[in-house]
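Descriptive analysis of the structure
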Amino acid sequence: MGLLIKNGEIVTAAERFIGDIYCEDGKIAGIGLSVNKQSTKDEVVDASGALVFPGGVDPHVHMELPFMGTESSDDFETGSAAAVAGGTTTIIDLAIPGRGQSLLEGLKVWMDKAKKAVSDYALHMAVTWFGEKSGLEIETCVREEGVNSFKSFMAYKGAIGVDDDELFKIMVATRIAGGLTMIHAEHGDVVANLQKRLICEGKTEPYYHPISRPSFVEGEATSRAIMIARVTGQRLYVVHMTCREALEAVTEAKLRGQAVYGETCPQYLLLDDEVYKKPNFEGAAYVMSPPIRPKGHQDALWGGIQSGIVDTVGTDHCPFNQKGQKEMGRDDFTKIPNGAAGVEHRLALLYSYGVRAGKFDLNRFVDLVSTRPAKVFGLYPRKGSFVPGADADIVVYDPSGESKISASTHHQRCDRNIYEGFVVKGRVATVILGGRVAFSNGSLKVDRGAGRFIKRPVK
Ligand code: URP
Ligand code: ZN
Ligand code: ZN
């Protein structure tokens, strides 16, 4: 039995027309101005008045991540289900081995956890240290495991952070293996010293979190990572850019012709650092790294999207409950687990505050949330496109009406939503996952473990 989506406004990164899509055996089998049923048994989804675009690809999530003495509160099942409810049909999580642990062992741990996913998924590999076998293991990840992106942290000193010497070696090894280096750019030593100083001064509230990690500390690290990438000849993807300084560094690199890609996240586009002034420890919900920036940076990031400097918008979904998790840092902001939920609302937020606010058009929207991440991370054209043979991952988005985001109605396993009260235009009406309806009219029809690991090809 096939599935026919009729009369929708089909939007890809390049095209926009009213037409039909036919899916068979989990793949796109036909697309055009008019496609007929192939069998009387075909299921039909009437998409009249709705937008129809390729399923979202979120290039940056952390499900059940052991971090800062606890674990992110969505596991692969609940987190990927929330993703599907929001129109994201593929997530890319980050396997993070501890310092001293083998990459391949760390990867195996993540592959086991990820088996519960209801959506398709791929993995990045974190390189948290560099030892004798690291180069070979990076090579094995690329050649045999289908994992070709490697993230290192310049922050989180003393935990998963690396120093410049290690970063240099990681970039060389990753380049030789044909992989992509990803970077969390903040000056780890400066942050650690600022944190120490603030705590000694009795400045323990969440309000001081952004003060311990100023935007120029991110800007400097971004420039330094780009410089190391330049020297080593490596391609670099800068994750979760929050500020003008990081954007300027990426802009300079791109203008020079360096292969540098930039990612930002909805929280850095839509929130400002006033959130850290919330009373009753509520500012803790917004403690993430890098932090939410003062007013002004958001306009710069929107400009980065409009000008093409920003390549992708991911979420850095890494939820922690206020109760029992964020509370661990009630007397010391440096102990608040860093991260927040977001995987469910990326599409609705970017559609509402990007497309409907007149900042960019629908094609650019699809490119940002689906096609470009798929291309950067080697999932395209299987993901992020409607070419015949691509996976039939499809979002039917009803642009009419509006609703408010709330933790009381979201699917994410988290007691806070950092977009609480935000109004979004339209709604994800139906989500097709591998040719099957996985979400419709507000209800999920997904199966634990049905998600597939998507190996990325060796280039
Ligand atoms: O605060 C954040 N961003 N938590 C998740 C880990 C990371 O740095 O991406
Ligand atoms: Zn990070
Ligand atoms: Zn992250």
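Scroll up for the structure.
Description of the structure in this document. Treat the numbers as computed from the prediction; the structure is a model and nothing was measured.

Topic: the packing of helix α3 (residues 134-145) against helix α4 (residues 164-177)
Two measures define how a pair of helices packs: the angle their axes make with one another and the distance between the axes. One way to put it is that α3 packs onto α4 with a least axis distance of 9 Å and a crossing angle of 35°. In terms of crossing hand, the pair formed by α3 and α4 is right-handed. Of the residues in α4, those in contact with G135, I138, E139, V142 and R143 of α3 are A173, T174, I176 and A177. Across the contact of α3 with α4, the residue classes break down as five nonpolar, two polar and two charged.

Notes on the pattern of salt bridges
If you walk through the whole model with that rule in mind, you get 35 salt bridges. A salt bridge links K383 to D393; its shortest N-O distance comes to 2.6 Å. Here D393 lies in the loop between α11 (362-376) and β16 (394-404) and K383 lies in the loop between α11 and β16, a separation of ten residues in the sequence. A single burial state applies to K383 and to D393, both of which are buried. One salt bridge connects D415 with R416, and the closest N-O pair in it is separated by 3.8 Å. Residue R416 is classed as partly exposed on the basis of its relative accessible area of 27%.

Thoughts on the coordination of the zinc ion (ligand 2)
When a metal carries six donors in an octahedron, the ideal angles between them are 90 or 180 degrees, while four donors in a tetrahedron ideally lie at 109.5 degrees. Distances from the zinc ion (ligand 2) to its protein donors, namely H184 (ND1) and H240 (NE2), fall within the range 2.1 Å. Considering all four donor atoms around the zinc ion (ligand 2), the spread of angles at the metal, 55 to 145°, places the coordination shape in the irregular class. Between the zinc ion (ligand 2) and the zinc ion (ligand 3) the interatomic distance comes to 3.8 Å. Of the two residues, H184 sits in strand β12 (residues 180-184) while H240 sits in the loop between β13 (236-238) and α7 (244-256), which places them 56 residues apart along the sequence.

A closer look at a nonpolar patch on the surface
Residues F168, M227 and V231 make up a contiguous nonpolar surface patch of about 280 Å² in total accessible area. The residue V231 is located in helix α6 (residues 215-232) in this model.

What about the environment of V366?
Within the fold, V366 resides in helix α11. Sequence-wise, V366 and V11 are 355 residues apart; in three dimensions their C-alpha atoms are separated by 7.3 Å. Contacts of V366, omitting those with residues within four sequence positions, involve V11, T12, A13, F53, P54 and T371.

Conventions used here
Residues numbered from 1 in each chain as written. Chains lettered and ligands numbered in written order. Predicted model: local features only at pLDDT ≥ 70, side-chain atom pairs only at ≥ 80, totals over all residues. Heavy atoms only, no water. Axes fitted to C-alpha atoms, helices over the stretch in contact; angles between N-to-C directions. Helix = DSSP H or I, 4+ residues; strand = E, 2+ residues; numbered from the N terminus. Left-handed = near helix turned anticlockwise from the far one by under 90°. Contact = heavy atoms within 4.5 Å. Nonpolar A, V, L, I, M, F, W, Y, C, P; charged D, E, K, R; others polar. Salt bridge = Lys/Arg side-chain N within 4 Å of Asp/Glu carboxyl O. Buried < 20%, exposed > 50% of the residue type's maximum accessible area, 1.4 Å probe, protein only. Donors = N, O, S within 2.8 Å, 3.2 Å for Na, K, Ca; no water. Tetrahedral: all angles 85-135°; square planar, octahedral: opposite > 155°, others 65-115°. Patch = residues over 30% accessible without salt bridge, like charges linked within 9 Å, V, L, I, M, F, W, Y side chains within 5 Å. Areas by Shrake-Rupley, 256 points an atom, 1.4 Å probe, with all protein chains shown as cover.

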